[in-house]
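Summary of the model geometry
Here is what each chain is made of, one letter per residue.
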Amino acid sequence: MQAAQPRARFQAKLAGSSGIGAAFGGIENLTRTMALELTGTGVRVVCLRTAANPDTRTIQDSADTVGTMMNLTKEQVLASLDQSTWLKVSPHTEDTANGAVLLASDRARMMTGTVHNATAGICTD
């Protein structure tokens, strides 16, 4: 008799994610090329990269859908998102807003043509 296989753990990296990955890459490349094009105008162009913010309606709805498909609770799906980051916590909208405030401030005045990574380690550079 063969032992039962453990249920697959939900992972933030899903099959079929190539399209969204390509779109995000395009946005990041647009950031760099716009910064180059706007050189000398005094305009800075910076991309803020974040991960799924579990306190948003979109991620809450997605967690419900994924949970139903995988026979998991929404809480299990959201906990799995947390565990997929190096910091073991997902960024929330307040964290994303704080990143935007930093980038818009004089403290980031030397940043342009770059991507500010605020993903809690889910995506590395």
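Overview of the structure.

What counts as what
Residues numbered from 1 in each chain as written. Predicted model: local features only at pLDDT ≥ 70, side-chain atom pairs only at ≥ 80, totals over all residues. Heavy atoms only, no water. Helix = DSSP H or I, 4+ residues; strand = E, 2+ residues; numbered from the N terminus. Polar contact = N/O pair within 3.5 Å; in protein donor to acceptor, adjacent residues only side chain to side chain. Contact = heavy atoms within 4.5 Å. Patch = residues over 30% accessible without salt bridge, like charges linked within 9 Å, V, L, I, M, F, W, Y side chains within 5 Å. Areas by Shrake-Rupley, 256 points an atom, 1.4 Å probe, with all protein chains shown as cover. Salt bridge = Lys/Arg side-chain N within 4 Å of Asp/Glu carboxyl O. Expected span 1.5 Å × (residues − 1). Buried < 20%, exposed > 50% of the residue type's maximum accessible area, 1.4 Å probe, protein only. Arc of directions from axis to C-beta. Axes fitted to C-alpha atoms, helices over the stretch in contact; angles between N-to-C directions. Parallel < 35°, antiparallel > 145°, perpendicular 65-115°, else oblique. Left-handed = near helix turned anticlockwise from the far one by under 90°. Nonpolar A, V, L, I, M, F, W, Y, C, P; charged D, E, K, R; others polar.

**A few points about the side chain of Ser 90**
Mapped onto the fold, Ser 90 is located in the loop between helix H3 (74-83) and helix H4 (93-104). Within polar-contact distance, the side chain of Ser 90 engages the side chain of Asp 82 at 2.8 Å. Excluding residues that lie within four positions of it along the chain, Ser 90 makes contacts with Ala 52, Pro 54, Leu 81, Asp 82 and Asp 95.

**As for a nonpolar patch on the surface**
Taken together, the side chains of Ile 20, Phe 24 and Ile 27 define a hydrophobic patch exposed on the protein surface, amounting to about 300 Å² of accessible area. Looking at the element boundaries, Phe 24 is found in helix H1 (residues 18-37).

**What to know about helix H2 (residues 57-70)**
Because the α-helix completes a turn every 3.6 residues, residues three or four places apart line up on one side. A rise of 1.5 Å per residue sets the reference length of H2, with its 14 residues, at 20 Å; its end C-alpha atoms lie 20 Å apart and thus fit the reference within 8%. Those residues of H2 that sit buried are Ile 59, Ala 63, Val 66 and Gly 67. Down the axis of H2, the buried side of the element spans an arc of 105°, and every buried residue falls inside it. Every exposed residue of H2 that faces more than 90 degrees away from the buried side is listed here: Arg 57, Thr 58, Thr 68 and Met 69. Just past H2, the residue Asn 71 takes up positive phi, approximately 60°.

**Focus on the packing of H2 against H3**
Orientation of H2 relative to H3, taken along the N-to-C sense of each, is 110°, at an axis distance of 8 Å. Taken as axis vectors, H2 and H3 run roughly perpendicular relative to one another. The two elements H2 and H3 meet at a crossing, and its hand is right-handed. Listed contacts from H3 to Ile 59, Gln 60, Ala 63, Asp 64, Val 66 and Gly 67 of H2 are Lys 74, Val 77, Leu 78 and Leu 81. Class assignment of the residues belonging to the contact of H2 with H3 gives a composition of six nonpolar, two polar and two charged.

Function cannot be read off these values alone, since they describe shape.
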